[in-house]
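So you can see what is in the structure, the chains are spelled out below.
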Amino acid sequence: RWNKKASLEEGKLFLEAFNRAWANNWGHLPVRESYISYLVDFGRWIGIPELVIIAEHKGRMAGFVYNIPDFNQALKRANGRLFPFGIFKILRDIRKINRLRVAMTGILPEYRLSGMLELCLYLETKSRGDRRGIKSYDFSLIVEKNSGACRGLYGVGGKRYKTFRFYTRPITES
């Protein structure tokens, strides 16, 4: 049974690990503790507890992966319309979701040496997803210079299918 108090305490540990794991990523801004309650409530509605995987070493979190069903599959079938019948289509099609999105992954700096922890988390994600009838997985938004994460994904048979890039250009010429 879901326990908000315990979830908030776990959320604080998760948030600490997330901020440490992402601290040196381009554009990362630390998530504040005041945001935990929102994330816990949000996770309660869309998350599946068995798809949140935490790796520990000597009783401390070493890394994590937070997976969610790809609700875009159900939303797409409603053509972006909730009313008059879209909401019923969405509710019906939520049971047909067979794709998993890896929403968030983090490996604490001291465990990033080989990419093996990422590989283990991804294999466990696939194992748990397969038991739930998941047919495809989207490990998107991984920085291409993150060699450990990429090595782990390629190790489980992942393929790059899309690349996002940011470019900068001054607004005015000097």
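The written sequence of each chain sets the order in which its residues are numbered from 1. Only residues with pLDDT of at least 70 are given local features in this predicted model, and only at 80 or more are side-chain atom pairs given and counted; all residues enter the totals for whole chains, interfaces and linings. Water and hydrogen atoms play no part in the side-chain values, which are based on all heavy atoms of the structure.

Here the focus is the environment of Asp-93. Starting at the N terminus, helices and strands are each numbered in turn, a helix being any DSSP run of H or I of at least four residues and a strand any DSSP run of E of at least two. Inspection of the secondary structure puts Asp-93 in helix 4 (residues 86–93). Each residue touching Asp-93, except ones within four places of it in the same chain, is listed here: Ala-74 and Arg-77. A 3.5 Å cut-off defines polar contacts: any pair of N or O atoms within that distance qualifies, except that in protein one atom must be a possible hydrogen donor and the other a possible acceptor, and neighbouring residues in sequence count only when both atoms are side-chain atoms. Among the polar contacts made by the side chain of Asp-93, one reaches the side chain of Arg-92 at a distance of 3.0 Å. Two residues form a contact once any of their heavy atoms are found within 4.5 Å.

What follows is about the sheet that holds strand 4 (residues 136–138). Overall, mixed pairing links the 4 strands, which are arranged 1-2-3-4 in an open sheet. Of all the strands in the sheet, the pair left with one neighbour each is strand 1 (52–57) and strand 4. Taken pair by pair, the neighbouring strands of this sheet meet at an average axis angle of 25°, ignoring direction. Inspection of the sheet shows strand 2 (residues 60–69) paired to strand 3 (residues 99–107) by 7 bridges, in the antiparallel sense. Here, strands pair whenever DSSP counts at least two bridges between them. Lines are fitted to the C-alpha atoms to define the axes, a helix being fitted only along its stretch in contact, and any angle between axes, read from their N-to-C directions, falls within 0 to 180 degrees.

Multiplying 1.5 Å by the residue count of a helix minus one yields the expected span of that helix. End to end, helix 5 (residues 116–131) covers 23 Å across 16 residues, agreeing with the expected 22 Å (1.5 Å per residue, within 8%). Looking at helix 5, one finds that the buried residues are Leu-117, Glu-118, Leu-119, Leu-121, Tyr-122, Thr-125 and Gly-129. The positive-phi residue at the C-terminal boundary of helix 5 is Gly-133, with phi of around 85°. Relative accessible area decides the class of each residue, using a 1.4 Å probe on protein chains only: under 20% of the type maximum gives buried, over 50% gives exposed, and in between gives partly exposed.

Right, let's talk about unusual backbone geometry for a bit. Backbone phi values are negative for most residues with the exception of glycine, while trans is the configuration of most peptide bonds. Of the consecutive residues Phe-83 and Pro-84, the connecting peptide bond is found in the cis state with omega at 0°. Even without glycine at this site, Lys-58 takes up a positive phi of about 55°. Locating Lys-58 in the fold gives a position in the loop between strand 1 and strand 2.

Summarising the sheet, strand 3 and strand 4 pair through 3 bridges and their orientation is parallel. Its bridge partner being in strand 4, Leu-100 is matched across the sheet by Tyr-137.

This part is about the environment of Arg-60. With respect to the element layout, Arg-60 can be found in strand 2. Spatially, the C-alpha atom of Arg-60 lies 9.8 Å from that of Ala-17, the residues being 43 residues apart in sequence. The contact partners of Arg-60, leaving out residues within four places of it in the chain, are Arg-20 and Ala-55.

The buried fraction of strand 2 amounts to 9 of the 10 residues, a majority that puts the element mostly inside the structure. Sheet topology note: the strand 1/strand 2 ladder contains 6 bridges and is antiparallel. What sits directly across from Ile-53, in strand 2, is Val-65. Here strand 1 folds back onto strand 2 in antiparallel fashion, the turn holding 2 residues, of which Lys-58 has a positive phi close to 55°.

Whenever Lys or Arg places a side-chain nitrogen within 4 Å of a carboxyl oxygen from Asp or Glu, that contact is recorded as a salt bridge. All told, the structure shown has 10 salt bridges when counted by the stated rule. Note that Arg-99 is salt-bridged to Asp-70, the shortest N-O span being 2.6 Å. In this pair, Arg-99 is assigned in strand 3 and Asp-70 in the loop between strand 2 and helix 3 (72–77), connecting sequence segments 29 residues apart. With relative accessibility at 28%, the residue Arg-99 sits in the partly exposed group. The salt bridge partner of Lys-126 is Asp-130, with a shortest N-O separation of 2.9 Å. Of the two residues, Lys-126 and Asp-130 both sit in helix 5, 4 residues apart, roughly one turn of that helix. For Lys-126, a relative accessible area of 36% corresponds to the partly exposed category. Within the structure, one salt-bridge network assembled from shared partners comprises Arg-77, Arg-92, Asp-93 and Lys-96.

Keep in mind these values describe shape, not function.
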